[in-house]
Structure formats: C-alpha cells, structure tokens
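Next come the chains, spelled out residue by residue.
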Amino acid sequence: MSVSSLFNELRQTDQVFSFMQPQGATNLNIDKGVILYLEDISVSFDGFKAINNLNLYIREGELRCIIGPNGAGKTTMMDIITGKTRPDSGSAWFGQNINLLEMDEPAISKAGIGRKFQKPTVFEQLSVWHNLELCMAAPKTVFTTLKARLNGEQRDQINKVLTLIGLQDQRFLNAGALSHGQKQWLEIGMLLMQKPRLLLVDEPVAGMTHQEMDRTGELLTSLAGEHSIVLVEHDMDFVRSIARHVTVLHQGSVLAEGTMDQVQSNPKVVEVYLGE
Amino acid sequence: MTYPALTGWRQLVLTLMLLCLSFGSRAATLDESVALLNGSFNDKSTAVQNLMSVGHDQTSVWLQALLDGNLYTDKASNQVVLLVAEQPEFSVQELVSGRTYSSSKSDLKRIMINNALRKELRVALSSLALTSADSQVRLTAVRSLMGSPDPALTERLTSLQLQETNSDVRDAMTVALAINEVRNASKPGRNAIEVLGDSLEPEARNALQQLHDRNPAAAEGKLAAKSLANIERKILWSGYIETLFFGLSLGSVLVLAAIGLAITFGVMGIINMAHGELIMLGAYTTYGIQLLMPDHIGLSVLVSIPAAFVVSGLMGILIERSVIRFLYGRPLETLLATFGISLILQQLVRTFVSPQNRTVQTPDWMTGSLELSPVLSLTWNRIYILIFCLMVFALLFVLLKRTRLGLQVRAVSQNRAMARAMGVRSARVDALTFGLGSGIAGVAGVALSQLTNVGPNLGQAYIIDSFMVVVFGGVGNLWGTLVAGLSLGVANKVLEPTAGAVLAKILVLVFIILFIQKFPRGLFPQKGRSAEG
Amino acid sequence: MTAANELNLIQPRLLDKGSQRFLLVLIAVGVLVPVLNLLVPESSGLHLSTYTVTLLGKYLAYALLALAVDLVWGYLGILSLGHGAFFALGGYAMGMYLMRQIGDRGVYGNPDLPDFMVFLNWNELPWYWHGFDQFWFAMLMVLVAPGVLAFVFGWFAFRSRVTGVYLSIITQALTYALLLAFFRNEMGFGGNNGLTDFKDILGFSLQADTTRIALFSATVLALALGYLICRAIIISRLGRVAMAVRDAENRVRFVGYRVEHIKLFVFCVSAMLAGVAGALYVPQVGIINPSEFSPLNSIEMLIWVAVGGRATLYGAVIGALLVNYAKTWLTGALPDAWLFALGALFVVVTLFMPKGIAGLVQQYRDMRQQAARNNGGADKVEEKAA
C-alpha cells in the first residue's frame, strides 16, 4: 500500500479501512467458464525473452498439463500468475474481474490461487502440523493471527489433510526432518489447506517413488473439477497417466495444445521436444 | 668567500685594497647607503632607495636579509653585517666588502624595521624581481606589485612590458597597469576598466569597487559595476568548480575505500566488517615505511603502495582461510565474525603501536596547490589521490574483465558448483579474490594517510560510508561503485555549505536509506532470474 | 502420547516448564537482592552493596534489550545493527524527564531550562521538550519514540523488501545518522555530553539506596513482563508465521500473509521493549549520551544473544548477563584485554557455537536422553520428549 493510497483511504469515510475488511471477500466471477486468462504476455531478462507473446486460457475445473523443454518459460509463467514477476506487456486476469497484474503475492493468494514450488519449500523449523495450520484458509492479518486459536472444525480439517497426504504419524515432526517425497506431499497438503480455486503445481512428483506418483496422480485427478489445476511436469509417463489437455511451451510461447495424443503426433512438438 | 687564517700582512694588504675601493664614487655611495641602515627608520628608508638606484648585484640579497631580520650592526666596528650562519658558530659577512668572520650574538645588534619599511622593502624586492630571468619569479613580482601606487613603477612596468616575452607575465602587467590607471587617473579609460573585469585579482576588484563607490552614477562607475558583476560571476563559478573538486576528492576517497569492498561484498557476497581495519593497516604500513626510510619521504609513499597491498592482502587471505571460508552462504554470521576480527585488529594496533594518532608526512611533490586562477587553487595531494583512485579503478576493472583470475572470480561468484566442475579451484580463487579486495583496502589506506592522521579508529570512520557506496551503486557492479562514490562525495560537499558538515552527512545517509528502499538493488542493479530471491 | 501433550504441541502454553523456571529464578532474584541489600547488615558477608545492586539492575536492563534483539533476530531473522538506537531513544525520553526534575538545582539555577540550554544561550524550551516534566508523558514517549522510529523505518524497508544483509547495513546507517545528529548541540539533547547530573525521580533521590532498590525491582518486573510479551508472541500463530518468514520469506507471501505487516509488528514491539530497557538503564547509570547510538554498541548486543543462543528467550538473557559480567570484570582487571576477548568471542561463537549456550544445553539434554534410551528407559523418555 502506497502512502497516497493510504491517504485516499483515510479520506473515504463511507467504507471501513481495507485492513479491517473481512478477508477473502473478493468474489470471483467465472461466468464464462474460464478461470485464468493470460493474453499477449511478454517478459525478458537482460534481453533474453523468457516469455514471448504467450496466450493461455484455463477453463474452470480443468486439469491442464504444461510441458516443454528447459527454458521454455514454465516457471516464469507461474511467477507471473502469482505476482512474483511483472510482465513487460500483456494482461493476466483471474476470472472476469480480478486483474492479477495489479496485485501482489499475498493478495493473489487470498484471491484463490495457490502454488506449489518446483523445489519443495516447506517451513523447515516448524512441525508438519504447524505448516498446515499456517496455510489454512483463515484471516491472515497481524492481529487476527496473533489471537488465533484452532477450533475443533479447523483441527478436523488439518487431520483430514494429514491423512490425505499420509503424514499423520509425522505430524509433530519438524518439516525439515522429512524426506524429499514427504516434503512434496506436505507442500501439496499446504496447498489444499489454502482451499484455492486455482492450483499451480510445479513438478510435484520429482523425487517420488512409483507408488507415490500414482497416489499423487489420483489425488490431482480427484481435485480437478472442484478446483482448476495447472500442472507443470517433466515426467512424461506421469503426464500421460493423468493428462486430458496438454499445452506445450517452447521459447516462451505456446507451441501446441490438445490431447496428449494430438500433441504427441504434432511434428513441431516432436522436433523440439519429444524427438530429442 | 672565507678568510680562514689571515696573517698580519695579508690583512694589511686587504685593508688597503678596500680603502682604495672605498674612494671610488660608486663605492662611496654604496658605503654611505649601507651606513645609513644604522640610522633612524627614515634613514633606513633613504638607504633602501639609494641601494635601489645604485644597483649592486647583491642588493636583493641584502634587502631580503633586512626584511627577514638577518642584518646586524657589529657593535665594535659599527659595520652593517649579514648573518651567514648561526651553526656551528655565529659567522657574519660585511656588506660591500664581503669579509666574513665569526662573531657572537652579544657583539651584534639586529637592525630593526617597522611596518612602513617592511612594505617598502617588499615593493622594492618585487620591483627588482621584475627583471629576474625566471618568468615565474617575474609573474609573482608583478602580482605582488599590483595596487602599489608608485608612479615610477607604472613607468617601469610600461617599459618592461614591451620587452616581456612571457604572455602570462605580460597579461599580469596589463592588469597591474590597469589597476594603477583606475586608481590614479581622474578619468580612467574604458579599456582599463574592462581589463579589470576579466581579472580575478583581489586588487583589481578593490580598485573597481573604489571607482564605483567614488561616483556610481558616472559612466565609469557604471562600467565598473558591470566589470564587478563579471568578476562576481567568475568567482561564483570558481566556487562551483571548487565544490565539485572537493566533492570529487571526497568521492575518490570513498571509492578507494569502497572498491575493495565492492569485490569482497559485491563479487563474493561476503560482508567484511574488518574492511575498515584493512584500510587502517595500509595506512600504518605507510607510517612504518616512513620510519624505515626517513630521508626519502617522497619515495616512501611510492614504496608504501605495493607494501600496503601485500600487508593488507596477506591479512585478508589469513582472515579468509581461518574464518570466512567456514561461513560461506551465511552472510549474517560472516558479518559478526568479521566484526570480531575488526575489534581484534584495532586492539592489536592500540596495544602494539599506540592508541594515539600518528602523522604520516606528505612528500614535497604532493604539497602545495595548482593555482588555476587567483581565486581557485586545487591542492596537489587531492589531485593525486583523485588520479590514483581512477588508476586503481582502471587496473581493477582490467584485472576482473581481462585476466584469467578475473574470469575465474566471476565464474565462482555466479555459480560455485559449476565453476568447480569446470576445474576452477574455487578455494584458491576465494582466497585470492578476498586477498585482492583486502589489498586494495590497504592501498586505500596509503591514500588516506596523506589526508588524515593515522589512528586505530581510522577504519571505523570509513566502513559505514563504504557500505553505503557499494549498496548505493548496486552490488557486484564496479561502475556502480565508482559513480556512487563520486556522486555521494559531490552531494556531501554541495550540501555542506548550507547544511553544515554533520547535517550534510546525515542527509546523505537518510537519502541512501530511502533510496535503497525504493531501489533495493542500487543504481545499477543486476537483472534476471539469477538476481531473484 | 497423551491428549494434553498433543494439545501442547498444537498450541504451546504461555507458561511452559522452561518459562516457569525462568520466572521463578527471576522472582527469586527480585526478592533476594533487595533483602540482601536492605535487611542484611553491612558487616555480614552476605550483604550486597548498593553498587552491586545497581550493577545488577544495569545487567537486567541489558537483558531486556537482549530479549528485544532476540525477538527480531532469533524469531524474525532480521539482524538489526541498529537496536542501540531504540534503546538510546527510550533512554533519552527518560533522561529528558529526569532533566526536567532537576528544576532550579542546576549549576545555573534556571528553573525552566536545563543547564546545557542556558549554556547555549537558549531562551526557551524547544517544543519537543514540552510535557517531559510529566512522568506519564515521558513514559509514553519511552514507548512511542522508538515505536514510531521503528514503524517509519520498517514501513519503508519491509514494504520494499529490503532483506538480509542490506537491511542490516541500513539499520546500521540509521543508528549512525542518529549518532551524528545527537552529537549536534542544535538538536537540543545536550550534544556531546548528553543528559546527566540527574537529581531525583518521582520525588525520590536517585542517590538513595531505597530508590536504587526500587529501580532494580522495576527492572526485574519489566524483564519478567518483557519475557511474557515475547513468549506470548512466539507461541501464537503470529510467532510461527514470523519463524516461517525467517526461513522462507517468499513462500509465506504465497500462502497469503502480508510479510511486511508481520515484520513491522514484531519489529515495533521489539523496538519498544528496547526503549523500555533504555529508560530503566538511564536512571541507574545516571547518564545518557550519544555514544549509546554508536554502531559498536548495537553490534555488542548481538553477541549477547549469539552467546546465549538465538531463538531461545532465556538464552538471550543469560548471554546478556554473562557477557556484561565478563566485560565489567575484564575492563577492571585487564583493560586492554576486553576488546580482544570481545573480538574473539564474535569469531568463536559464530564458528564453533552457532547455537550458543542454549544449544550446548540442548545437546547435553539430547545426549542424556540418548543414554537413557539406550539403558532401556525408552517409554519414560518418549513421554518426556513429547
């Protein structure tokens, strides 16, 4: 919040201050059935075009897999959606009415976009339980957080997620002590606690065994429908096992889009990616 | 000329010869004039005028001696003598005859002069110097004669100007003549007034002011006002240039102090709080080397540069090998540990050298100043340090961009693991880079020793400023450090006259604090994915 | 694992076993010291001189300051090199009150103006000195002055995401700028000499033994309260968010917390605690001058916390007491050695004892548990660990 906007707020007497407004009050408008619009987005770092005129639409309840070689701009795209990186040009809308380019990370998160990072980042010095607690969809201002105590319903919710991600026994262990695969699960659990409308999942199965991969696949498939999911993944077997709709990124823009079979038979895709 | 052992007959012959000489008319006037120096102040004044008109080749020596209080009367012979030496014994020389003999202080009486006489002597000496063979001496003489109202001088200057070959001296003479015209003529020429308008001599300004005050409404008065305004404008600009110079000079010191930090902090990501103490070590090295070669002060400073580089550099390598290498990737811990080292180094100096400040002598070639105009002179030591700073910068720049070590340093700083995989011995590169940054701190210490006293707290005074420079310029960017250092120096000096030195410093600090909050990566930020998070 | 234990792990209690022990020791000291000073006759070997009481009071004020530093460094991950500024501001607010209490007993006997203002030929009290003759107002300022500075500084710094080393450096610049400012006579805070020659507080002479004891007790009380405030913060969800910020700041943003607000809150609380510590320190040592702003002071505070152990509140207190005791002892016995020792302490602690004394204690406990487990007492130990 800039000083000028604070001043504006002080002058507006017909409404309460923004920090006193109830949390999560933003109403997502998805009349058209599309939850995410990325249009004409470009961004460059030191002259290198990481994203080049990218157009991408995600429908509500969809499970979309994004594949592409290294440097195709997958992670940068996620950075733009979550507010970490600002594009040089283009527009990004969440539903019909939320302009993502005007918001910072916490606001975007609050609006209903959750993200799982490529490298699992959990809060290592906190227990698994507390990791989940922090991510819970609840008011997140300073004073509510200071006074917050878990009620029974919230505890049940955490327990439910713990069971789902299979970390019930480790719930009071520091997250730093978990194995790599367990951290991946924990991060998915943290994502679920946020109850997001749109999940951005960056390489969730790296470091997992085959059984774990299968379970992750099942979990993601079951989440789709209620949530919209954008999945970035390198493991082609995994993608093939769960994908309905695949987008191939190459050099910062969309190379091909369609079902897995369509994409696989696309000669351009074969050339840049699968053929390698 | 000395007369070590005068035998009786020799002395006799000599006396006779002197007697013969004294009968010549010229010698008589000379002797009379010299004798008059024993008389009243009026007599002395006459003596000076006589001596000037006689034109003995030693006149300027004698007059200078009179001005300096080195002329005495021998109480026994009542002769005027010139003091030649006080050590090992008092020896004096008679004027005119040139006879030198030893004497004692009690046998002599100093010839006193008063202020009027002193002024007269100065004019006389300058007038004599007008014909010196050295153009610099002539120039100084002309300038010291400016505003002296002697009409004879005007004539002399006019005639000398025709023969003058040096253009600077000729111009100065024009100004001196114009001053005299403006001062003395009832209707000074337009040309003279305009000439003074281009001169920055204080006397020219005085003369114009007087002319203006005499009759502000008259044509001359108005013209004088115009010329005065011209002068004021020039002085104002000189002031700006001077401020800029002081600013750049301070800035160059900041850059020197910060540039080593730019390497250790910017390239390696190490917070070295002991950086200031490495500067201090460099300054003490200069001091030590001067103690070793007290007869070659000028040379000692030059020797100190590599010596300080080695001393501080080795100390840096020692610090890196013994402490910092265990703390890579933990910048805050490094900060604390190196702060501890800085305390130890300071206390070492306090215990084994002295808690007091030491003065390092400035060599002759660094003293004095470069006079660009009568109101603008730049001190040589600051000019040298500015040049030195730019040289160090250029050298470092070339070292990092063009040499193999530089390539390795940049490689390690960007991706340690990859550099190692490519066969770079990262431990060695770390030690060398840190040594390089530390060595440059030492070199900065040599420069600082020429500006301030050398003491155990020398480094502390610069560490915060150095960090400010690096952070302001953008970490990891040598150009940023240069631009930031120089501009902070200039900003400081620009603010100083209005805000005072302390407030200026505070304002600059506050500015940087605000600046970093707006541009966390400094003036020249690194961009791209590697710079994130 | 019992239900009560599980509850503790989910929501730690304010007064866990460690806190109870800490507060008990503190209360014991708070009772014993006055008793040993006032009730035990001077001839007895157990008598504590008033000098010692004041010295202890000074250490405890430092301990409160160490708590404040630990809160931001240990739990929030901000290495502040400028906490001395908050301490000094609190001290100056108290000093201004004490200055006004001198009244016409100063050297110049001016009833309205402190001596240094008379000396500077000032004719009236600067506006910012008004109100400081009231104790309540001065105490308010002890909290407000450091709090506002921390708020303004933090507002800009945290919002623009200045972190890590950069933040440390600009906090150092902040205290350095204040140091220079307070050295100026024109600032109206006594310049170089600062504020001193205090006579009394709330009408009680500062020289009296009972006043000294009262100040000591107030410091003990403040330390206990400060501990409880810190404890309340770190066991709350906010405290856990702070630790999350410390370990993975960006991740916290993606979860939806406003990191800058969290930081600002904790930073301001810490600054105010430091201010209170300063306010308790000044009447006990009898002087406040600009040297309290010097960057060296602020860094020294860090070593107290580092020695005691970061992110353990009691460690900060122990570290502050130990290091300051060592300082008093060494500067008396071997004046030259103190800075060597302090310097070595920085190096040794960062290299070999990154978790400080608290870390050693933890290690020792773990070892004993390991031994007990090996001896077959596994069930008992597990309960303990929970």
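For clarity, every value in this text was computed on a predicted model and none was experimentally measured.

A closer look at the overall build of chain C
Phase 1 of the analysis: Summing up its helical and strand segments, chain C has 15 helices and four strands in all.
Phase 2 of the analysis: On the principal axes, the C-alpha backbone points of chain C span a range of 80 × 60 × 40 Å.
Phase 3 of the analysis: Relative to its 386 residues, chain C shows a buried fraction of 55%.
Phase 4 of the analysis: Nonlocal contacts in chain C, meaning residues at least 24 apart in sequence, comprise 76% of its contacts between residues at least 6 apart.
Phase 5 of the analysis: Of the roughly 16,100 Å² of accessible surface on chain C, 64% is carried by carbon and sulfur atoms.
Phase 6 of the analysis: The average position of the 27 basic charges and that of the 23 acidic charges among the side chains of chain C differ by 12 Å.

With respect to the packing of aromatic side chains
Where two aromatic rings form a pair, the distance of their centres and the angle of their planes describe that pair.
Phase 1 of the analysis: Using the criterion set out here, one finds 39 aromatic pairs over all chains in the structure.
Phase 2 of the analysis: On the numbers, 5.8 Å between centres and 35° between planes, the contact of B:W380 with B:Y384 is tilted. Of this pair, B:W380 and B:Y384 are both found in helix α15 (residues 380-402), four residues apart, which corresponds to roughly one turn of the helix.
Phase 3 of the analysis: Given a relative accessible area of 28%, B:W380 falls into the partly exposed group.
Phase 4 of the analysis: With a centroid separation of 6.0 Å and an interplanar angle of 20°, the aromatic rings of C:Y92 and C:F293 are classed as stacked. With C:Y92 in helix α4 (residues 83-102) and C:F293 in the loop between β4 (287-288) and α11 (295-308), this pair connects stretches of sequence that are 201 residues apart.
Phase 5 of the analysis: Assessed through its relative accessible area of 1%, C:Y92 is described here as buried.
Phase 6 of the analysis: Site record: aromatic cluster; members linked through ring pairs are C:Y92, C:F116, C:W127, C:Y128, C:W129, C:F182, C:F189 and C:F293.
Phase 7 of the analysis: Note that A:R215 overlies the ring of A:W185, its terminal NZ or CZ placed 4.7 Å from the centroid.

Let's talk about the UniProt feature "transmembrane region" (unreviewed entry) in chain C
All names here are of chain C.
Phase 1 of the analysis: Taking the UniProt record as the reference, the feature "transmembrane region" (unreviewed entry) is found at residues 21-39, 85-103, 135-158, 165-183, 213-234, 262-282, 302-325 and 337-357.
Phase 2 of the analysis: Helix makes up 95% of residues 21-39 and strand 0%. Its end C-alpha atoms lie 26 Å apart.
Phase 3 of the analysis: Along residues 337-357 the backbone is 86% helical and 0% strand, and the end-to-end C-alpha distance reaches 22 Å.

Description of the interface of chain A and chain C
Phase 1 of the analysis: With 38 residues of chain A at the contact, the number on the chain C side is 33 residues.
Phase 2 of the analysis: In total, about 3,500 Å² of surface goes out of reach between chain A and chain C, with carbon and sulfur atoms giving 64% of it.
Phase 3 of the analysis: Summed over the shared surface of chain A and chain C, the result is six salt bridges.
Phase 4 of the analysis: Linking C:R251 and A:E187 is a salt bridge whose minimum nitrogen-to-oxygen distance equals 3.1 Å.
Phase 5 of the analysis: Where chain A touches chain C, the interface holds 16 residue pairs in polar contact (both at pLDDT 80 or more).
Phase 6 of the analysis: Taken together, the residues of the side of chain A that touches chain C sort by class into 19 nonpolar, eight polar and 11 charged.

Observations regarding the side chain of A:K116
Residue and element names in this part refer to chain A.
Phase 1 of the analysis: Secondary-structure assignment places K116 in strand β6 (residues 113-116).
Phase 2 of the analysis: Only 3.0 Å separates the side chain of K116 from the side chain of Q184, close enough to count as a polar contact.
Phase 3 of the analysis: Not counting chain neighbours up to four residues away, the residues in contact with K116 comprise Q184, E187, I188, L191, L200, V201, D202, E203 and P204.

Points about a positive patch on the surface
All names here are of chain C.
Phase 1 of the analysis: On the surface, R13, K17, R21, R365 and R368 cluster together into a positively charged patch.
Phase 2 of the analysis: Those elements that place two or more of their residues in the positive patch are α2 (17-38) and α14 (356-374).
Phase 3 of the analysis: Structurally, R13 is set in the loop between α1 (3-10) and α2.
Phase 4 of the analysis: Of the residues examined, R13 reaches a relative accessible area of 45% and is grouped as partly exposed.

Some details on the pairing of β6(A)
Residues and elements named next belong to chain A.
Phase 1 of the analysis: Residues I113 and R115 of β6 are buried on one face, and the alternating residues G114 and K116, pointing to the opposite face, are buried as well.
Phase 2 of the analysis: In this structure, β6 lies alongside strand β7 (residues 198-202), joined through four bridges in parallel fashion. Each bridged residue has a counterpart across the sheet, and for G114 the counterpart in β7 is L199.

Considering the nonpolar core
Generally speaking, nonpolar side chains in soluble globular proteins are found buried as a group.
Phase 1 of the analysis: Core analysis: the biggest nonpolar cluster contains 271 residues, and A:F123, A:L186, B:F265, C:W129, C:L195, C:F293 and C:W304 have the highest contact counts within it.
Phase 2 of the analysis: If sequence neighbours within four positions are ignored, C:W304 has contacts with C:Y62, C:L65, C:A66, C:A316, C:G319, C:A320, C:V323 and C:N324.
Phase 3 of the analysis: Among the nonpolar cores identified, the runner-up in size contains 33 residues, and A:L36, A:L54, A:M103 and A:A111 belong to it.

A word on unusual backbone geometry
It is generally the case that most residues other than glycine have a negative phi and that most peptide bonds are trans.
Phase 1 of the analysis: Although it is not a glycine, A:E203 sits at a positive phi angle of roughly 45°.
Phase 2 of the analysis: Following the sequence through the fold, A:E203 ends up in the loop between β7 and α8 (210-223).
Phase 3 of the analysis: At C:N121, a residue that is not glycine, the phi angle is positive and equals roughly 65°.
Phase 4 of the analysis: One can find C:N121 in the loop between α5 (115-119) and α6 (135-159).
Phase 5 of the analysis: Residue C:N121 is classed as exposed on the basis of its relative accessible area of 65%.

Remarks on the sheet that holds strand β2 (residues 80-85) of chain B
Backbone-to-backbone hydrogen bonds join strands into a sheet, with any given pair of strands oriented parallel or antiparallel.
Residue and element names in this part refer to chain B.
Phase 1 of the analysis: Strands sit in the order β4-β3-β2-β1-β5 across an open sheet of five strands; the sheet is antiparallel. A strand with exactly one partner marks an edge of an open sheet, and here the two such strands are β4 (100-102) and β5 (108-110). On average, adjacent strands in this sheet sit at an angle of 40° to one another, irrespective of strand direction.

Regarding the interface of chain C and chain B
Phase 1 of the analysis: Listed as interface residues are 40 residues of chain C and, on the opposing side, 42 residues of chain B.
Phase 2 of the analysis: Across the interface of chain C and chain B, roughly 3,600 Å² is buried in total on both sides, 81% from carbon and sulfur atoms.
Phase 3 of the analysis: Remark: the boundary between chain C and chain B carries one salt bridge.
Phase 4 of the analysis: Our enumeration of links across chain C and chain B arrives at two residue pairs in polar contact (both at pLDDT 80 or more).
Phase 5 of the analysis: Elements with a contribution of two residues or more to the side of chain C that touches chain B: α6, α7 (164-183), α11 and α13 (337-352) of chain C.
Phase 6 of the analysis: Considering every element that reaches the side of chain C that touches chain B, the biggest residue donor is α7(C), with 13 residues.
Phase 7 of the analysis: In terms of residue class, the side of chain C that touches chain B is made up of 29 nonpolar, eight polar and three charged.

Examining the sheet that holds strand β2 (residues 48-59) of chain A
All names here are of chain A.
Phase 1 of the analysis: Strand order in the open sheet formed by four strands is β2-β1-β4-β5, with antiparallel pairing between adjacent strands. Because the sheet does not close on itself, it has two edges, and the strands there are β2 and β5 (98-99).
Phase 2 of the analysis: The sheet contact formed by strand β1 (residues 34-45) and strand β4 (residues 89-94) spans five bridges and is antiparallel. Note that in β4 the partner of E39 across the bridge is S91.
Phase 3 of the analysis: Relative to β1, helix α2 (residues 74-82) is tilted by about 115°, and along the sheet it contacts β1 and β2.

Concerning the side chain of B:R138
Phase 1 of the analysis: Looking at where B:R138 falls in the secondary structure, it is placed in helix α6 (residues 135-145).
Phase 2 of the analysis: Setting aside residues up to four positions removed in sequence, B:R138 forms contacts with B:A129, B:L130, B:S132, B:A133, B:E164, B:T165, B:N166 and B:V169.

Focus: the confidence of the model for chain A
Residues and elements named next belong to chain A.
Phase 1 of the analysis: Counting all residues, the mean pLDDT for chain A is 83, and 89% of those residues have values of 70 or more.
Phase 2 of the analysis: Taken element by element, chain A is modelled with least confidence in helix α1 (residues 3-11), mean pLDDT 59, and with most confidence in helix α4 (residues 128-135), mean pLDDT 93.
Phase 3 of the analysis: Across residues 20-25, confidence stays below pLDDT 50; counting only partners more than four residues off in sequence or on other chains, it has seven contacts.

A closer look at helix α21 (residues 501-518) of chain B
Phase 1 of the analysis: Helix length check: α21(B), at 18 residues, gives a terminal C-alpha distance of 26 Å against a target of 26 Å (1.5 Å per residue), a fit within 8%.
Phase 2 of the analysis: All of the buried residues along α21(B) are B:A504, B:K505, B:I506, B:V508, B:L509, B:I512, B:I513, B:F515, B:I516 and B:Q517.
Phase 3 of the analysis: Residues of α21(B) that are buried in the fold lie against α19 (458-473) and α20 (478-499) of chain B together with α6 and α7 of chain C.

Quick word on the pattern of salt bridges
Phase 1 of the analysis: Tallied over the entire structure, the rule returns 28 salt bridges over all chains.
Phase 2 of the analysis: The closest approach of N and O atoms between A:R197 and A:E60, which form a salt bridge, is 3.7 Å. Here A:R197 is found in the loop between α7 (180-193) and β7, whereas its partner A:E60 is found in the loop between β2 and β3 (63-67), with 137 residues between them in sequence.
Phase 3 of the analysis: On the basis of relative accessibility, which here comes to 31%, the residue A:R197 falls in the partly exposed class.
Phase 4 of the analysis: A:E60 sits in the partly exposed class, given a relative accessible area of 37%.
Phase 5 of the analysis: Between C:R105 and C:D200 there is a salt bridge, with the nearest N and O atoms lying 3.2 Å from each other. Of this pair, C:R105 sits in the loop between α4 and α5 while C:D200 sits in strand β2 (residues 200-201), and the two are 95 residues apart along the sequence.
Phase 6 of the analysis: Since its relative accessible area comes to 13%, C:D200 is described here as buried.

Cut-off values and rules
- Residues numbered from 1 in each chain as written.
- Chains lettered and ligands numbered in written order.
- Predicted model: local features only at pLDDT ≥ 70, side-chain atom pairs only at ≥ 80, totals over all residues.
- Heavy atoms only, no water.
- Helix = DSSP H or I, 4+ residues; strand = E, 2+ residues; numbered from the N terminus.
- Buried < 20%, exposed > 50% of the residue type's maximum accessible area, 1.4 Å probe, protein only.
- Contact = heavy atoms within 4.5 Å.
- Areas by Shrake-Rupley, 256 points an atom, 1.4 Å probe, with all protein chains shown as cover.
- Lys, Arg positive; Asp, Glu negative; His and termini not counted.
- Charge placed at Lys NZ, Arg CZ, Asp CG, Glu CD.
- Phe/Tyr/Trp six-rings, centres within 6.5 Å; stacked < 30°, edge-to-face > 60°.
- Lys NZ or Arg CZ within 6 Å of the ring centre and 35° of its normal.
- UniProt positions renumbered as here; feature names shortened; annotations may be inferred.
- Buried area = accessible area lost by both parts, 1.4 Å probe.
- Salt bridge = Lys/Arg side-chain N within 4 Å of Asp/Glu carboxyl O.
- Polar contact = N/O pair within 3.5 Å; in protein donor to acceptor, adjacent residues only side chain to side chain.
- Nonpolar A, V, L, I, M, F, W, Y, C, P; charged D, E, K, R; others polar.
- Patch = residues over 30% accessible without salt bridge, like charges linked within 9 Å, V, L, I, M, F, W, Y side chains within 5 Å.
- Pairing = 2+ DSSP bridges.
- Core = buried A, V, L, I, M, F, W, Y, C linked by side-chain atoms within 4.5 Å.
- Axes fitted to C-alpha atoms, helices over the stretch in contact; angles between N-to-C directions.
- pLDDT = per-residue confidence, 0-100.
- Expected span 1.5 Å × (residues − 1).

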